[in-house]
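Examining the three-dimensional arrangement
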Amino acid sequence: MMPPAKAPLGALFWAFVRIGLLGFGGGPAMIPLVRQEVVKRHAWLDDEAFADILAIANTLPGPIATKMPGYIGYRVAGASGCVIAVAAVILPMIAVMIVLLTTLSRYRDVAWIHGMGQAVVPVVMVMMAQLTMDFWNKSRLALGWAISLAMATAAGGLIYLVGVHPGWVIGALLLTALLYPVRRRKGATP
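Computed from a predicted structure; not experimentally measured.

**Some details on the side chain of Ser148**
Here Ser148 shows up in helix α6 (residues 145-162). For Ser148, a relative accessible area of 3% gives the class buried. Setting aside its immediate chain neighbours within four residues, Ser148 contacts Trp136, Ser139, Arg140 and Leu143.

Shown next as structure tokens:
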């Protein structure tokens, strides 16, 4: 894992403003946008660090839409980065929510307004599917497809069939990773 890059506060602000404006669908829909900005576009974090932050953010209470920007901002720019990232992601959402909710409540019976809201659902599903595939490929390369598939199946069974909260499953996986780290093969690069 490479050390995080230090982010200029202005770039951090505008990155999270974009996320706040384009993150339609709530916190989970914002995750691919956050990854695009902080890993792909600005390279403040690598995929491994982002995955760790995502796992930790999922275990903590509260909305992921503020937990991730807060921690990422803190990690790449200190306490002021935390404040700027959280403010940058929530202020556009508040402004857009006020405008959209006022407009939607006024024109809620218009068919194309209703259809517009329904049309966004498949786009969010595709974004989440892409993020899932990215994490699957990373897991498959690190652990092998059999272990990755077994872990995904066990986690899905615990969450959907048994009713265990996802935070407990993620916490157990993190604890297991801490207690039994994966040994690297000889010749593998760190």
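**Digging into helix α4 (residues 64-106)**
Given 3.6 residues per turn, any residue in an α-helix points the same way as the ones three and four places further on. With 43 residues, α4 should cover 63 Å at 1.5 Å per step; its first-to-last C-alpha distance of 30 Å lies more than 12% under that length. When the local axis directions of α4 are compared, the greatest deviation, roughly 150°, occurs at Ala77.

**Here we look at the pattern of salt bridges**
This structure, assessed with the given rule, holds four salt bridges. Where Arg18 meets Glu37, a salt bridge forms, and the shortest distance between an N and an O atom there is 3.0 Å. Pair noted here: Arg18 is in helix α1 (residues 9-22) and Glu37 is in helix α2 (residues 27-41), with a separation of 19 residues, a long-range link. Relative accessible area serves as the criterion here: at 7%, Glu37 is assigned to the buried category. In this structure, the salt-bridge partner of Glu37 is Arg41, at a minimum N-O distance of 3.3 Å. Of this pair, Glu37 and Arg41 both sit in helix α2, four residues apart, which is roughly one turn of that helix. Sharing partners across several salt bridges, the network here consists of Arg18, Glu37 and Arg41.

**What about α1?**
With 14 residues, α1 should cover 20 Å at 1.5 Å per step; its first-to-last C-alpha distance of 20 Å lies within 8% of that length. Taken together, the buried positions of α1 are Leu12, Ala15, Phe16, Val17, Ile19 and Gly20.

**As for the packing of helix α3 (residues 47-59) against helix α7 (residues 166-179)**
The description of two packed helices rests on the angle between their axes and on the distance between the axes. Contact geometry for α3 and α7: axes closest at 8 Å, N-to-C directions at 135°. Here α3 lies oblique to α7, going by the angle between them. Where α3 crosses over α7, the handedness of that crossing is left-handed. Across from Ala55, Ile56, Asn58 and Thr59 in α3, the residues of α7 making contact are Gly167, Ile170, Gly171 and Leu174. Of the residues that constitute the contact of α3 with α7, the class distribution is four nonpolar, four polar and no charged.

**Let's talk about the nonpolar core**
Formed by 29 residues in total, the largest nonpolar core has its most connected members in Phe16, Val34, Val38, Leu45, Phe50, Met68 and Ile72. Secondary-structure elements contributing two or more residues to this core are α1, α2, α3 and α4. The element that contributes the greatest number of residues to this core is α4, accounting for nine residues.

Criteria and thresholds
Residues numbered from 1 in each chain as written. Predicted model: local features only at pLDDT ≥ 70, side-chain atom pairs only at ≥ 80, totals over all residues. Heavy atoms only, no water. Helix = DSSP H or I, 4+ residues; strand = E, 2+ residues; numbered from the N terminus. Buried < 20%, exposed > 50% of the residue type's maximum accessible area, 1.4 Å probe, protein only. Contact = heavy atoms within 4.5 Å. Expected span 1.5 Å × (residues − 1). Bend = angle between axes of the 7 residues up to and from the residue. Salt bridge = Lys/Arg side-chain N within 4 Å of Asp/Glu carboxyl O. Axes fitted to C-alpha atoms, helices over the stretch in contact; angles between N-to-C directions. Parallel < 35°, antiparallel > 145°, perpendicular 65-115°, else oblique. Left-handed = near helix turned anticlockwise from the far one by under 90°. Nonpolar A, V, L, I, M, F, W, Y, C, P; charged D, E, K, R; others polar. Core = buried A, V, L, I, M, F, W, Y, C linked by side-chain atoms within 4.5 Å.

Function cannot be inferred from these measures alone, as they are strictly geometric.
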